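# Analysis of the macromolecular model
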Protein chains: 2
Amino acid sequence: MPISDRIEAAIGAALAHASGADAPRLLAGSLGHAVLPGGARIRPTILMSVARACGEDRPALSDAAAAALELIHCASLVHDDLPCFDDADTRRGKPSVHRAYSEPLAVLAGDSLIVLAFDVLTRAGEADAGRALRLMGLLARQTGMPHGICAGQGWESEAKIDLAAYHRAKTGALFVAATQMGAVAAGHEPEPWHDLGALIGEAFQVADDLRDALMDEESLGKPVGQDDLHGRPNAVAELGVEGAVARLGDILAGAIASIPSCPGEAALAAMVRAQAERIVPKLPARTAV
Amino acid sequence: MPISDRIEAAIGAALAHASGADAPRLLAGSLGHAVLPGGARIRPTILMSVARACGEDRPALSDAAAAALELIHCASLVHDDLPCFDDADTRRGKPSVHRAYSEPLAVLAGDSLIVLAFDVLTRAGEADAGRALRLMGLLARQTGMPHGICAGQGWESEAKIDLAAYHRAKTGALFVAATQMGAVAAGHEPEPWHDLGALIGEAFQVADDLRDALMDEESLGKPVGQDDLHGRPNAVAELGVEGAVARLGDILAGAIASIPSCPGEAALAAMVRAQAERIVPKLPARTAV
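Residues numbered from 1 in each chain as written. Chains lettered and ligands numbered in written order. Predicted model: local features only at pLDDT ≥ 70, side-chain atom pairs only at ≥ 80, totals over all residues. Heavy atoms only, no water.

The name recorded for chain A in an unreviewed UniProt entry is Polyprenyl synthetase family protein, from Roseovarius ramblicola. Taken directly from UniProt, the Sequence similarities (unreviewed entry) text for chain A runs: "Belongs to the FPP/GGPP synthase family." Chain A has a UniProt comment under Cofactor (unreviewed entry) that states "Mg(2+)". (UniProt positions renumbered as here; feature names shortened; annotations may be inferred.)

### Section: unusual backbone geometry
Residue and element names in this part refer to chain B. For the peptide bond that leads from Leu36 to Pro37, omega is -20°, which places it in the cis range. Mapped onto the elements, Pro37 comes out in the loop between helix H2 (25-35) and helix H3 (42-53). For Asp87, which is not glycine, the phi torsion reads 50° and is therefore positive. Structurally, the position occupied by Asp87 is in the loop between helix H4 (59-80) and strand S1 (90-91). (Helix = DSSP H or I, 4+ residues; strand = E, 2+ residues; numbered from the N terminus.)

### A short note on the interface of chain A and chain B
At the junction of the two partners, chain A supplies 48 residues and chain B supplies 47 residues. Here chain A and chain B share an interface that buries about 4,000 Å² over both sides, 74% of which is from carbon and sulfur atoms. Looking only at chain A, the three residues that lose the most surface to chain B are Val115(A), Leu133(A) and Met145(A), adding up to 17% of its buried area. Inspection of the chain A/chain B interface yields 0 salt bridges. For the pair chain A and chain B, the number of links is 8 residue pairs in polar contact (both at pLDDT 80 or more). Of all elements in the fold, only helix H1 (3-18), helix H2 (25-35), helix H6 (103-124), helix H7 (129-143) and helix H8 (149-155) of chain A reach the threshold of two or more residues within the side of chain A that touches chain B. Here the side of chain A that touches chain B gets 12 residues from one element, more than from any other, and that element is H6(A). Considering only residue class, the side of chain A that touches chain B consists of 27 nonpolar, 14 polar and 7 charged. (Contact = heavy atoms within 4.5 Å. Buried area = accessible area lost by both parts, 1.4 Å probe. Salt bridge = Lys/Arg side-chain N within 4 Å of Asp/Glu carboxyl O. Polar contact = N/O pair within 3.5 Å; in protein donor to acceptor, adjacent residues only side chain to side chain. Nonpolar A, V, L, I, M, F, W, Y, C, P; charged D, E, K, R; others polar.)

### Considering the relation of the copies chain A and chain B
Both copies of the chain are related by one operation, a rotation about an axis with a shift along it. Each copy superposes on the other: chain A lies on chain B with an RMSD of 0.0 Å after a rotation of 180° and an axial shift of 0.0 Å. Here the copies are linked by what is in effect a two-fold axis. Minimal C-alpha distance to the rotation axis in chain A is attained by Ala129(A), lying at 2.8 Å. Interface overlap between copies is the fraction of interface residues in one copy that are interface residues in the other; for chain A against chain B it reaches 98%, indicating a shared surface. (Least-squares fit on C-alpha atoms with pLDDT ≥ 70 in both.)

### Quick notes on the packing of aromatic side chains
Counting across every chain of the model gives 3 aromatic pairs over all chains. Taking 4.9 Å as the distance between ring centres and 5° as the angle between the ring planes, the aromatic pair formed by Phe118(A) and Phe118(B) counts as stacked. In this pair, Phe118(A) is assigned in helix H6 and Phe118(B) in helix H6 (residues 103-124), connecting two distinct chains. Taking relative accessible area as the criterion, Phe118(A) reaches 0% and is therefore assigned buried. Their ring planes at 45° and their centres at 5.0 Å tell us that Phe175(A) and Phe204(A) sit as a pair that is tilted. Placement of the pair is Phe175(A) in helix H9 (residues 163-185) and Phe204(A) in helix H10 (residues 194-214), with a sequence separation of 29 residues. (Phe/Tyr/Trp six-rings, centres within 6.5 Å; stacked < 30°, edge-to-face > 60°. Buried < 20%, exposed > 50% of the residue type's maximum accessible area, 1.4 Å probe, protein only.)

### Some remarks on the pattern of salt bridges
Oppositely charged side chains may form a pair once their charged atoms are brought near each other. Residue and element names in this part refer to chain B. One pass over the full model with this rule turns up 30 salt bridges over all chains. Residue Arg41 is joined to Glu70 by a salt bridge in which the shortest nitrogen-to-oxygen separation is 3.0 Å. Residue Arg41 is found in the loop between H2 and H3, and its partner Glu70 is found in helix H4; the two are separated by 29 residues along the sequence. Overall, the relative accessible area of 5% leaves Arg41 in the buried class.

### Here's the deal with helix H14 (residues 265-279) of chain B
Residues and elements named next belong to chain B. In this model, H14 (15 residues) spans 21 Å end to end at C-alpha, consistent with the 21 Å of a helix rising 1.5 Å per residue. Considered for burial, the residues of H14 that qualify are Leu268, Ala269, Met271, Val272, Gln275, Ala276 and Ile279. Down the axis, H14 shows its buried residues gathered within 155° of arc, on one side only. Away from its buried face, by an angle of more than 90 degrees, H14 presents the exposed residues Ala266, Ala267, Glu277 and Arg278. On its buried side, H14 packs onto H3, helix H10 (194-214) and helix H13 (235-257). (Expected span 1.5 Å × (residues − 1). Arc of directions from axis to C-beta.)

### Concerning the environment of Val245(B)
Residue and element names in this part refer to chain B. Among the secondary structure elements, Val245 is positioned in helix H13. Of the residues examined, Val245 reaches a relative accessible area of 32% and is grouped as partly exposed. A C-alpha to C-alpha distance of 20 Å links Val245 and Ser258, two positions 13 residues apart in sequence.

### What to know about the packing of helix H1 (residues 3-18) of chain B against H4(B)
All names here are of chain B. Two elements in contact, H1 and H4, have axes whose closest approach is 9 Å; the angle formed by their N-to-C orientations is 70°. By the angle between their axes, H1 is roughly perpendicular relative to H4. Here Arg6, Ile7, Ala10, Ile11 and Ala14 of H1 lie close against H4, whose contacting residues are Pro59, Ser62, Asp63, Ala66, Ala67, Glu70 and Leu71. Its residues placed into classes, the contact of H1 with H4 shows 8 nonpolar, 1 polar and 3 charged. (Axes fitted to C-alpha atoms, helices over the stretch in contact; angles between N-to-C directions. Parallel < 35°, antiparallel > 145°, perpendicular 65-115°, else oblique.)

Written out as structure tokens, the structure is:
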């Protein structure tokens, strides 16, 4: 089964578990709205690709890890869109959860998705409790405090931002989770996979900055110029468009060079290149150089 | 070491882990504000008491389970106090987290505490991965969708509320988690411990309704009359004060009768009686009968 089908099946199974007939309907609906149809599913795709490259021996664990990671990502989008953060009316081309449902339901949907992520891994752990626990430890580390995406968002409330810590936590964390959880799901050690995740995360941040600076709201499916509006640090502001594009290329080359020796090394390098093609924004004509 | 000291030590260790020197200061501060000094710590006290009654053989696991459960409870209070829910200015006699810090930090503090709860159990699981996984499964079930406290809060957004499901999830869930996690931490099966938790939860709900209907804001440390204000179902509205007090007594008697056979059965019954004394509100003179 292609990776993308496995990811959707795993996410669908998790949602079904959380949204039984005896669940409150609106909150159940808001979970589906937050998660389906998905975006590019980049993080779980990386996770699955690393697991395969490591000679995946327990596909049920990689499936659960991929679903859990994407659920955390979706939870963070729901909460980031709230009025007290980005106050975003749209996400992935449709109304944000708090617009489609309500603010209380958006808070609860985010909370429920975080819990569901750990729940999915708990249930998948019956066959290998030790590996499931390690997966949950990695996911918790890259989600919560002091180094996960919650911390990343938390830095935006500080008068003085530690920029390196901010970027590492805000965007890098879930990519490090992706590569390390992929390795652990397949029985490998997580440490050698740290740099690949961190570099992909950096590339993604620069690509996002470029998109945020250059594209219009219709193509992006969410409000543009948010970084500028909220005074957040931004690679385009720092390096200009050309500089940021060059930096993106360097980071991706470094990412591919960092892939640890493993049975599926070449295929994994091809996947990173393919993801890179997706994340590098198509520059509008006026900015072509 | 007395149970209360073990609980505070376990919570303190969890907070220290989440609030290292490289964490964003305000978010780290908001976690402490949400969790310390605590309320009565009723849920972790019940958990520890059940673990002891079951002949606790892995105290590190009960400590972690108790801390995790209280962190989830505190997370739910932080999010419930938000402007889009109860819009509460105070909690436990001090400003609510969003008042003391900000609304974004309150959302993030709740999220971080949920993640920290699972993280604590992950780290405690090194000695016994299987038991830790079961603890996480119980905690996830009673926290998220479709049956946990998130679902309970979600019912309040429904046009037609399933009252039994609402009460079970909103207040009962974390008490069921308390008794079942206590049993599992000590290597016992969770099922026989369900009813004790559910009945304590019911008693707590009735006691809370009585407090909400009768007490003033200063004694309560949070705004009163919230149920009435938000049109939520309430035992006092249904049975009157006298009827609700009688019902509370019946439920507590049932709770004590439901305690499964175990080495520390008598001590556990005494603990439930002691907790009952704490939760039954001291009625003001004008309502004495």
